[in-house]
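Fold and contact review
Take a look at the letters that make up each chain.
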Amino acid sequence: MNSQNTPVHIRLWHRDFWLMAISNLLLTMSVYMLIPTMPRWLIDVQNFSPLEAGLSMAAFGFGLFAFGSFVSFLVQRYRRHHVCMWSVVIMAALLFSLYYFATLSCQFVEIPIVLLQRFFLGAAFGLAQMVLTSTLIIDTCESYQRTEANHSAAWFGRFGLSLGPLAGLLIDRFIGFDAVLLSAVGILVTSVLLILMVNFPFRAPADDIPTTSLDRFFLTQGFPLYLNLQLVTVAVGILLSAVFSDLFFAMMMVGFLLAIIAQHFVFRDAELKSEVVTGLILIAVALIMMLTRTQQVVAFAAPAFIGFGTGLIGSRFLLFFIKLSRHCQRGTSQSTFMLGWESGLAWGLGIGLAFFYGRPQQALMTSLGCVVIALLMYHFVHDWFTRHKNR
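Residues take numbers from 1 onward in each chain, read along the sequence in its written order. Selection of residues for local features in this predicted model requires a pLDDT of at least 70, selection of side-chain atom pairs for listing and counting requires 80 or more, and totals for whole chains, interfaces and linings are taken over all residues. Only hydrogens and water are removed before side-chain values are computed, so all heavy atoms of the structure are retained for them.

**Examining the overall build of the protein chain**
Our working definition: Numbering goes from the N terminus for both helices and strands, where a helix is a DSSP run of H or I of at least four residues and a strand is a run of E of at least two. Radius of gyration means the value over C-alpha atoms here, while the globule rule gives 2.2 Å times the residue count to the 0.38 power. Each residue is assigned to one of three classes by its accessible area relative to the maximum for its type, calculated with a 1.4 Å probe on protein chains only: buried under 20%, partly exposed between the two thresholds, exposed over 50%. We call two residues contacting when some pair of their heavy atoms lies within 4.5 Å. For every accessible area listed, the method is Shrake-Rupley and the probe measures 1.4 Å; residues are considered covered only by the protein chains on display. This count recognises Lys and Arg as positive and Asp and Glu as negative, with His and chain-terminal groups excluded. To locate a charge, take atom NZ for lysine, CZ for arginine, CG for aspartate or CD for glutamate.
A tally of helices and strands in the protein chain yields 14 helices and zero strands. Helices and strands in the protein chain line up, N terminus first, as α-α-α-α-α-α-α-α-α-α-α-α-α-α. Computed over its C-alpha atoms, the radius of gyration of the protein chain comes to 20 Å, within 12% of the 21 Å expected for a compact globule of 391 residues. Viewed in the frame of its principal axes, the protein chain has a C-alpha envelope of about 50 × 45 × 35 Å. Looking at the 391 residues of the protein chain, the share that counts as buried comes to 59%. Look at the contacts in the protein chain between residues 6 or more apart in sequence, and 89% of them connect residues 24 or more apart. For the protein chain, the computed accessible surface area is about 15700 Å², with 67% contributed by carbon and sulfur atoms. Of the side-chain charges in the protein chain, 23 are positive and 18 negative, and the distance between the mean point of each set is 7 Å.

**Let's talk about the nonpolar core**
Under the convention used in this document: Definition of nonpolar core: a set of buried residues of the types Ala, Val, Leu, Ile, Met, Phe, Trp, Tyr and Cys, connected through side-chain atoms within 4.5 Å.
With 137 residues, the main nonpolar core has Met38 and Leu161 as its most contacted residues. Take this core: its biggest share by element is 14 residues, from helix 12 (residues 296-324). Look past the residues within four positions of Leu161 in its chain and what remains in contact with it is Tyr32, Ile35, Leu240, Phe249, Met252, Phe256, Trp341 and Leu345.

**A closer look at helix 14 (residues 360-388)**
The test is simple: In a helix, the anticipated span is given by 1.5 Å times the number of residues less one. Fitting one axis to the seven residues ending at a residue and another to the seven starting there, the bend at that residue is the angle between the two axes.
For helix 14, built from 29 residues, the straight-helix expectation of 42 Å at 1.5 Å per residue is met to within 8% by its first-to-last C-alpha distance of 40 Å. The axis of helix 14 is deflected most strongly, by about 30 degrees, at Tyr378. Considered for burial, the residues of helix 14 that qualify are Ala363, Leu364, Ser367, Leu368, Cys370, Val371, Ala374, Tyr378, Val381, His382, Trp384 and Phe385. Contacts made by the buried residues of helix 14 are with helix 9 (223-240), helix 11 (274-292), helix 12 and helix 13 (330-356).

**Digging into the packing of helix 1 (residues 15-32) against helix 2 (residues 34-44)**
Spelled out, the test is: Here an axis means a line fitted to C-alpha atoms, over the contact stretch when the element is a helix, while the angle between two N-to-C directions is reported on a 0 to 180 degree scale. Any angle between 65 and 115 degrees counts as roughly perpendicular, while under 35 counts as roughly parallel, over 145 as roughly antiparallel, and the rest as oblique.
In contact at an axis separation of 7 Å, helix 1 and helix 2 are set at 25 degrees when each is read in the N-to-C sense. Taken together, the axis directions place helix 1 and helix 2 in an arrangement best described as roughly parallel. Side by side, helix 1 and helix 2 meet where Ser30, Val31 and Tyr32 of the first sit next to Leu34, Ile35 and Pro36 of the second.

**With respect to the packing of aromatic side chains**
Defined as follows: Note on aromatic contacts: the rings of Phe and Tyr and the six-membered ring of Trp form a pair at centre separations within 6.5 Å, being stacked when their planes are under 30 degrees apart, edge-to-face when over 60 apart, and tilted otherwise. Placement of a positive charge over a ring is assigned whenever Lys NZ or Arg CZ falls within 6 Å of the ring centre and within 35 degrees of the normal to the ring plane.
Here the structure, examined in full by the defined rule, presents 25 aromatic pairs. Taking the centre distance of 6.2 Å and the plane angle of 40 degrees together, the rings of Trp13 and Phe156 count as tilted. Placement of Trp13 in the segment before helix 1 and of Phe156 in helix 7 (residues 146-174) is noted, with a sequence separation of 143 residues between them. On the accessibility criterion, Phe156 (12% relative accessible area) is buried. Here the guanidinium or amino end of Arg77 rests over the ring plane of Tyr78, the centre of that ring lying 5.1 Å away. Its end group placed over the ring of Trp155, Arg158 keeps NZ or CZ at 4.6 Å from the ring centre.

**Side note on the environment of Pro201**
As for its position among the elements, Pro201 is in the loop between helix 8 (177-196) and helix 9. In this structure the C-alpha to C-alpha distance between Pro201 and Leu287, which are 86 residues apart in sequence, comes to 48 Å.

**As for the pattern of salt bridges**
Stated precisely, the cut-off is as follows: Salt-bridge detection follows one rule: a side-chain nitrogen of Lys or Arg within 4 Å of a carboxyl oxygen of Asp or Glu.
Taken as a whole, this structure holds five salt bridges when the rule is applied. For the salt bridge of Arg15 with Asp16, the shortest nitrogen-to-oxygen distance reads 3.1 Å. Taking relative accessible area as the criterion, Arg15 reaches 48% and is therefore assigned partly exposed. Across the pair Asp246 and Arg173 runs a salt bridge whose closest N-O atoms are separated by 2.7 Å. Of the two residues, Asp246 is situated in helix 10 (residues 246-265) and Arg173 in helix 7; the sequence distance between them amounts to 73 residues. A relative accessible area of 17% places Asp246 in the buried class.

**A few points about the packing of helix 9 against helix 13**
Spelled out, the test is: The crossing is said to be left-handed when, going from far helix to near helix, the turn is anticlockwise and less than a right angle, and right-handed when the turn is clockwise. Basically, the charged four are Asp, Glu, Lys and Arg, the nonpolar ten are Ala, Val, Leu, Ile, Met, Phe, Trp, Tyr, Cys and Pro, and anything else, Gly included, counts as polar.
Contact geometry for helix 9 and helix 13: axes closest at 6 Å, N-to-C directions at 35 degrees. Crossing hand, helix 9 versus helix 13: right-handed. Here the contact of helix 9 with helix 13 is built from residues that sort into 13 nonpolar, nine polar and no charged.

**With respect to unusual backbone geometry**
A positive phi angle, near 65 degrees, is found at Asn47, a position not held by glycine. Within the secondary structure, Asn47 sits in the loop between helix 2 and helix 3 (50-63). Judged by relative accessible area, which is 53%, Asn47 ranks as exposed. At Arg216, a residue that is not glycine, the phi angle is positive and equals roughly 65 degrees. Tracing the chain through its elements places Arg216 in the loop between helix 8 and helix 9. Arg216 sits in the buried class, given a relative accessible area of 17%.

So this is what it looks like as structure tokens:
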């Protein structure tokens, strides 16, 4: 099936699915709130060097992989929603610990503490996301609705990339970074409460469950697609390291909404390759505009193009991962997509801070170079995908 269209089933949007989708939005918002606010706090308040701040933000990306090989064991050995909730609770505790060190203890935070906090925050977030997107959301819908459920729930997580930084910047501006941390904790607590409101049926654990495996963790046959996706998100992460404007993230949300509309009307029956190519071209055009133009319209158009392009690419790559997966590998494909998306953003942000802090032009040029390479790479990856897809 080469259609761009994802069928819409109105019956999917019942109470439990709404609760899971909003929980996913809140979960991603809590970590994205720190993208524009934490680096500035580390450098301006804690006196970190740009390199140390970059390493701290990148540590989140490494943490994402920490518990992945244990996901299958944990969700079969224990109640799956309990695994997700405890992961979110650990995230809240880690963010509150940073608030304690930064505010209540009235002392500077040492870099080893920040590195460990970021690493384990990434580990807890990765585990929560793998369980939520690969298992819990699927559990709330019928089998024929699962692709649409994955597609729709992922959009809620994608919205967090604009709403989270926007909320973080506004809270930081009017109250302070300590309020950003406390707000993120409150958002995570709300996410846990939403999960508690859903009734998940008990599933008896399988016999002889291996402690570690790639099940629900990483889709090895999708590695070329994973690398291509990660290159795109690294470019976006580098770009975000140079952006500290609430207008940027507000317009990025506009771009996300335009991408949803375009998917249903413009790309409904378009050629399979068109969404990713269009998305990469839009991001490249936005970066060129930011590099070469200073008109006020650029401040509105460029982030909208980036949101539009990022939304198209993320949505299409997710469906590509699903089509690459074999029977009973849907959850694994979701986790692989999440790892490529989140680790790329974290590492791109770290690279941008470490090497281009205070030099936005160089950051934008590097981001543009990554986008061009990703576009060239996609030409070959797409042909590889059409030969290896299973659905």
